[in-house]
Amino acid sequence: MLMAMLYGAKDLRLERGDDPVVGAGQVKVRFGAGGICGSDLSYFGKGRVGDFAVMQPLCLGHEVSGEVVEIGAGVSRVKKGDRVAINPNQPCRVCRTCMAGKGHLCLKMNFYGSAAIFPHIQGVFREVIVATEAQCFVVPQSCDFRTAAMAEPLAVALHAVRRAGSLVGKSVLVTGVGPIGSLCVLAARRAGAAHIAVTDVADAALKRAEVLGIDEAVNAITGAEKVESWYANKGTFDVTFECSGNSAAITSAIQATASGGCVVQVGMLGVPTADIPVNRFVSREVDLLGAFRFDGEYGAAVHELAHELIDVSSLLTHTYKMTAANDAFAMAADRSQSMKVHLVF
Ligand SMILES: [Zn+2]
Ligand SMILES: [Zn+2]
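Source: prediction; values computed, not measured. Residue numbers run consecutively from 1 along every chain, following the written order of its sequence. Labels are handed out in written order, letters beginning with A for the chains and numbers beginning with 1 for the ligands. Thresholds applied to this predicted model are a pLDDT of at least 70 for local features of residues and 80 or more for the giving and counting of side-chain atom pairs; totals over whole chains, interfaces and linings are not thresholded and use all residues.

A.B. asks: Give a description of the overall build of the protein that names residues and reports values.
C.D. replies: Within the protein, the regular secondary structure consists of eleven helices and 20 strands. Note on method: radius of gyration uses C-alpha positions; expected globular size equals 2.2 Å times residues raised to 0.38. On C-alpha atoms alone, the protein measures out to a radius of gyration of 20 Å, which is about the 20 Å that the 2.2 N^0.38 rule sets for 345 residues. Looking at the protein as a whole, 48% of its 345 residues qualify as buried. Residue pairs qualify as contacts under a 7 Å threshold applied to their C-beta atoms, which are placed from the backbone. Restricting the contact set of the protein to residue pairs at least 6 apart, pairs at least 24 apart contribute 68%. By definition, any uninterrupted DSSP run of H or I lasting at least four residues is a helix, any uninterrupted run of E lasting at least two residues is a strand, and each is numbered from the N terminus. Residues are called buried when their C-beta atom has 20 or more other C-beta atoms within 10 Å, exposed when it has 12 or fewer, and partly exposed otherwise; all C-beta atoms are positioned from the backbone.

A.B. asks: Help me get a handle on the packing of helix α4 (residues 151-164) against helix α10 (residues 297-306), residues and values and all.
C.D. replies: α10 packs onto α4 with a crossing angle of 115 degrees between their chain directions and a minimal axis gap of 8 Å. In terms of orientation, α4 lies roughly perpendicular with respect to α10. Seen along the crossing, α4 lies across α10 with a hand that is right-handed. Contacts from A151, L154, A155, L158, H159 and R162 of α4 reach α10 at E297, Y298, A300, A301, V302, E304 and L305. Interaxial angle, 0 to 180 degrees, is taken between N-to-C directions of lines fitted to C-alpha atoms, where a helix line uses only the stretch in contact. Should an angle fall under 35 degrees it is taken as roughly parallel, and over 145 as roughly antiparallel, whereas 65 to 115 is taken as roughly perpendicular and any remaining angle as oblique. Crossing handedness: left-handed means the near helix sits turned counterclockwise from the far one by under a right angle, and right-handed means the same turn made clockwise.

A.B. asks: I'd like to hear about the sheet that holds strand β6 (residues 58-59), residue by residue, with values.
C.D. replies: Think of it this way: DSSP has to see at least two bridges between two strands before they count as a pair. The strand order β2-β1-β6 describes an open sheet built from three strands, whose pairing is antiparallel. Of all the strands in the sheet, just β2 (11-16) and β6 have a single pairing partner and so form its edges. Bridging between strand β1 (residues 2-8) and β6 involves two bridges; their strand directions are antiparallel. By the bridge assignment for β6, M5 is matched with C59.

A.B. asks: Residues and numbers for α10, please.
C.D. replies: When we look at burial in α10, the residues that qualify are E297, Y298, A301, V302, E304 and L305. Looking straight down α10, one finds its buried side chains confined to an arc of 160 degrees; they lie on one side. Where α10 is buried, its residues contact β8 (83-86), β9 (89-90), β12 (136-139), α3 (145-149) and α4. The first or second residue beyond α10 is E308, which carries a positive phi of 55 degrees. When we speak of the arc, we mean the arc of directions from the helix axis to the C-beta atoms.

A.B. asks: With reference to specific residues and values, describe helix α8 (residues 247-256).
C.D. replies: Buried residues dominate α8, accounting for seven of its ten residues. Those residues of α8 that sit buried are A249, I250, S252, A253, I254, Q255 and A256. Summarising the contacts, the buried residues of α8 are in contact with β13 (171-175), α7 (224-229), β16 (237-242), β17 (257-265) and α9 (278-282).

A.B. asks: I'd like a description of the sheet that holds strand β14 (residues 195-200), backed by residues and values.
C.D. replies: Here six strands make up an open sheet; going across it, the order is β15-β14-β13-β16-β17-β18 and the pairing parallel. One side of each edge strand has no neighbouring strand; the edge strands of this open sheet are β15 (216-219) and β18 (287-290). On average, each strand axis in the sheet is inclined to that of its neighbour by 20 degrees, with strand direction left out of account. Examined bridge by bridge, β16 and β17 share five bridges and lie parallel to one another. Opposite F241, over in β17, you have V264 as the bridge partner. Contacts from α4 reach β16, β17 and β18, with the element oriented near 150 degrees to β17.

A.B. asks: Could you give me a rundown of the environment of D144, with the residues and numbers involved?
C.D. replies: Structurally, D144 can be placed in the loop between β12 and α3. Distance in space between the C-alpha atoms of D144 and I71 is 22 Å, their sequence separation being 73 residues.

A.B. asks: Quick rundown of the nonpolar core? Include the residues and the values.
C.D. replies: Definition of nonpolar core: a set of buried Ala, Val, Leu, Ile, Met, Phe, Trp, Tyr and Cys residues joined via C-beta atoms within 7 Å. A151, C184 and V185 are the most contacted members of the largest nonpolar core, which has 103 residues in total. The greatest single-element share of this core, amounting to nine residues, is contributed by α4. Note: domain ranges come from an automatic or database domain assignment. Three or more residues apiece are contributed to this core by two domains, here domain 1 (2-150 + 312-344) and domain 2 (156-290). Those residues in contact with C184, other than ones at most four positions away along the chain, are A157, A160, V174, F241, C243 and V266.

Read these as geometric descriptors, not functional statements.
Now the structure itself:
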């Protein structure tokens, strides 16, 4: 089988590897579509994500769907020919956080396409994937592979919404409308948000966000006056989803959030620390919450997509053959042109 292996920054090579063998409780899936995520882009562009550097050839990718081609002994929930979305989370289920019901915070997490541990956990940009039965979620045959692969980033957004608590009737701000911010908009609307404003520094991203059903789109640089008006009268929004991972946006998110509201930090910072206006959230009791990956929300995301309850079609901007993976990564890095870029074979 063919697979896309990263050897270091900007050094992605298509290689041939052995077809994986299916064991008991496992499912062999032929790659349908795989989305390029921000972490994939960081590995590709810099050879690392935060503290995690590529130390050995790494197959990227964790947003994937495909067709079941073989099942191992004991598998009963999926069958050959099924279309599935594959949950990249493989928590150990026995560590203390897993035992406490927070599998996404597993202390020994195996997550596809990650250099967090060595040897690295290989990813899914490959012709054939072997997953456990528990990772495979069946979608209707009518569900496009790219849509099914969106279950992973949508699960991130659903988890962020869950962290915020009820959004019914609330005013919401989303800072940074790349794929995750856009999915937070869709998830917030579906969760009952009454008013949704978004900010970004790229006009192209704001323009694309308009079709998501937002109420306001503001450029955080050219529209700084508008953003600052949100800071008056002890803040404006009940809930802010900070999806940019930019420290200026985090500061802005805290100030724009109303007293007693919350900021859910979804974006990861490119640096270890950020300067934040501590007194602004202490004196107004604005809760700062982290949101990381997802657990049960993966199945919920598949359900939303399979039943067309959340429409992600406007986010699917580009599709490339795996043989043109380098072009696909270049396009995914260009926010003026792309939103979510998918690879297919
Ligand atoms: Zn992702
Ligand atoms: Zn665990």
